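For reference, the chains in residue letters:
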Amino acid sequence: PFHSPGESRKFDPNFKGPIHSRGCTDVLCCILFIVALFGYFAVGIVAWSQGDPRKVIYPTDSRGQFCGQAGTPLEKKPLLFYFNILKCASPLVLLEFQCPTTQLCVEKCPDRHLTLMKAKLGSNEDREYYQQYCKDGVNLTKLSPPEILKDGLCPAILMPSKAFTRRCLPALGTLKGGVVVVGNETTFTDGKGSSINATDVLEASKKSNVVVEARQVAMRIFEDYTQSWHWILLGLVIAMLVSFIFIVLLRFLAGIMVWVMIVLVILVIGYGIFHCYMEFASLKGEPGSDVTIRDLGLQTDFSVYLQIRQTWLAFMIILAIVEVIIILLLIFLRKRIMIAIALIKEASRAVGHVMSSLFYPLVTFALLAVVIAYWAITAVFLSTSNEQVYKVFNNSECEYSRETCDPQTFNTSNASAQCPDAECLFAFYGGETYYHKYLILFQFYNVFLFFWCANFVTALGQVTLSGAFASYYWAFKKPDDIPSYPIFSSLGRALRYHTGSLAFGSLILSIVQVIRVLLEYLDQKLKGAQNKFAKFMLSCMKCCFWCLEKCIKFLNRNAYIMIAIYGKSFCPSAHDAFFLLMRNIIRVAVLDKVTDFLLFLGKLLIVGIVEICLIHFFFSIEDAAPSLNYYWVPILTVVVGSYLIAHGFFSVYAMCVDTLFLCFCE
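Residues numbered from 1 in each chain as written. Predicted model: local features only at pLDDT ≥ 70, side-chain atom pairs only at ≥ 80, totals over all residues. Heavy atoms only, no water.

Asker: Please give an account of the nonpolar core that cites residues and values.
Answerer: Counting 91 residues, the largest nonpolar core has W452, F469, I565, L598 and Y653 as the members making the most contacts within it. The element contributing the most residues to this core is helix α15 (residues 439–473), with 16 residues. Discounting residues that sit within four places of it in the chain, L598 has contacts with V258, M261, I262, I337, A340 and I344. (Core = buried A, V, L, I, M, F, W, Y, C linked by side-chain atoms within 4.5 Å. Buried < 20%, exposed > 50% of the residue type's maximum accessible area, 1.4 Å probe, protein only. Helix = DSSP H or I, 4+ residues; strand = E, 2+ residues; numbered from the N terminus. Contact = heavy atoms within 4.5 Å.)

Spelled out as structure tokens, the structure:
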């Protein structure tokens, strides 16, 4: 039954639902997708062979060796020591994670002030202590300080340091009055006759610390997960049970359930407003509760925010606005809600006949988890697959300056003969081979294929479900005419005939998403630039592509439903779906959105129920609850997790409603 776009389909008494005699669609795209996948595996294998995730964990010294790694000569020296931490204040550090100063692996960080001169003139013990922080094989008694410093064999000065994520950073403190000190001294000489302020040291270690601080927060969050994972699992299991009970109830009591759901959502938000008001009122007159959020700035300890009144006021206002919007929507859409309830009833019947559909989201979820894991591992291996590159560094004129060198053979090479003061130092992680030159392209390919595969998995889920529900809708005698395994037969059809169409639809979506990622990347790059026009253009483009992505997702979804029913290729299906929706635009806009809104309220309700249980548990049963750094970690995880679980169950419903609606429009 092919027809022109403007007119509706003629009645065909022999039409029995999803057509069984189909041909393969969009074969070219299917081949392209398979080739791209093989390419993806190839990139993965290359990255696995070249990459070294240890670089993320262990710090590396100037020779590119890992500190503290078992089975190496440096096994007993887990900490990294910087000769001159002040060099770390350059912004290049953040890009290459390498300070342009000599770095050594040491057993423990220095704990006293000592300059090279003092050590040289001082006692034997001082000399031995200082020698730990020099390069191997340096004899302090034989060489004079200028020679040692010229060849960069020892640091000019030691300051009291503390180990922080396996790096020795100056032990900074602040005295009363905000004076920065390093081990009780505010200034000290650098061993070359000039004095250094402790504040300069603070700046330098801050720079090498940005990465480190983020890691510290990550470690704390990780600790919290290890402490509270069973509570999180419990919360997610509760969310699953609640979702399931909810769907079973919807099956038998759709009308009542929808109204109950609406009232409950209003009550839950109302309780939220009341709770925020009580907190707001109880903080009145408390010391420090009148500080504004702006004054506080960004704190990593979020519990601070809960002690100021403004936070609770903000929560209260946001919840009140949401409440008012929901109530107004309900007043204006009450007639449409009746029709939507009828649709949900019909969808419940369909889901009842095709119960296996409720568990299909688990398949999608498992496939997505595989895609995400593969992408993440490949990304780590790619970003750590740089070799150590050594360059010739020198102070006097030398023709070999800044050339690549090999530290093993350097002392016997021409360069060291011609330039006596030159040395071969670790310059950066990178590489001279083709693989390293095109590393950024591999990273890009990795991201692109991640999007493509993820979208393909989602598309497969949509086609499978809509095929199953369409076979329910067009079955003349229910349940006799419904195939025995609707989900399996639908999945088989999708994979056998329509892999190409799915790949085509998800390719279009992926291209838009990758462009959005690139725009975000550009935005980060232009943060420093003050060009207002460029920023304005970027914001416009980001907005446009966001809208485009939403439109494409909507079109794809309906195109997939048409593919599931009629088995045409992607473009004709999208075209048919688009004109079908255009002819019924009012019905689509209202019904689709109203059912989405009702299902969204259902998700909110499930999240709310699980949430209230969890918060009461954490704050009432003090003994049973684990002691955590951040209480928001498990709570937020359960919120996101339970929303995703509810979304998984309800996405089946949404797909069912959309499919039945398109069939009904047909």
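Asker: I'd like to hear about the packing of helix α11 (residues 334–353) against helix α21 (residues 632–665), residue by residue, with values.
Answerer: Two numbers describe how α11 lies on α21: the axes approach to 9 Å, and their chain directions differ by 110 degrees. Of the possible angle classes, the one that applies to α11 and α21 is roughly perpendicular. Facing α11, whose interface residues are L343, I344, E346, A347, S348, A350 and V351, α21 presents Y653, C656, V657, L660 and F661. Along the lines of polarity and charge, the residues of the contact of α11 with α21 split into ten nonpolar, one polar and one charged. (Axes fitted to C-alpha atoms, helices over the stretch in contact; angles between N-to-C directions. Parallel < 35°, antiparallel > 145°, perpendicular 65-115°, else oblique. Nonpolar A, V, L, I, M, F, W, Y, C, P; charged D, E, K, R; others polar.)

Asker: Now, about the UniProt feature "transmembrane region" (unreviewed entry) in the protein: what can you tell me, with residues and values included?
Answerer: According to UniProt, the positions carrying the feature "transmembrane region" (unreviewed entry) are residues 25–48, 229–250, 256–274, 312–333, 358–382, 447–475, 597–619 and 631–664. In the segment residues 229–250, helix accounts for 100% and strand for 0%; the C-alpha atoms at its two ends are 31 Å apart. (UniProt positions renumbered as here; feature names shortened; annotations may be inferred.)

Asker: A description of the state of the cysteines should follow, citing residues and the corresponding values.
Answerer: Scanning all chains against the criterion turns up three disulfides. Note that C109 is cross-linked by a disulfide to C168, the S-S spacing being 2.0 Å. Judged by the sign of its S-S torsion, about -85 degrees, the bond between C109 and C168 is left-handed. Taken together, the residues span a long stretch of sequence, with C109 in the loop between β2 (103–106) and β3 (114–115) and C168 in strand β6 (residues 167–170) at a distance of 59 residues. Look at C109 and you get buried, because its relative accessible area is 10%. You can call C168 buried: its relative accessible area is 3%. For C540, which is in no disulfide, the shortest distance to another cysteine sulfur is to C544 and amounts to 6.4 Å. Note on C540: relative accessible area 32%, which makes it partly exposed. Left unpaired, C656 is separated from the closest cysteine sulfur, that of C663, by 9.5 Å. Classification of C656 as buried rests on a relative accessible area of 0%. (Disulfide = S-S within 2.5 Å.)

Asker: Summarise the pattern of salt bridges; cite the residues concerned and give the values.
Answerer: Between side chains of opposite charge, pairing is possible as soon as their charged atoms come close. One pass over the structure, following the stated rule, counts ten salt bridges. With a closest N to O distance of 2.8 Å, R349 and E346 form a salt bridge. Note that R349 and E346 are positioned in helix α11 at a spacing of three residues, about one turn of the helix. Relative accessible area serves as the criterion here: at 39%, R349 is assigned to the partly exposed category. The shortest N-O distance in the salt bridge between E549 and K553 comes to 3.5 Å. Placement of the pair is E549 and K553 together in helix α18 (residues 532–566), with a separation of four residues, close to one helical turn. A relative accessible area of 38% places K553 in the partly exposed class. (Salt bridge = Lys/Arg side-chain N within 4 Å of Asp/Glu carboxyl O.)

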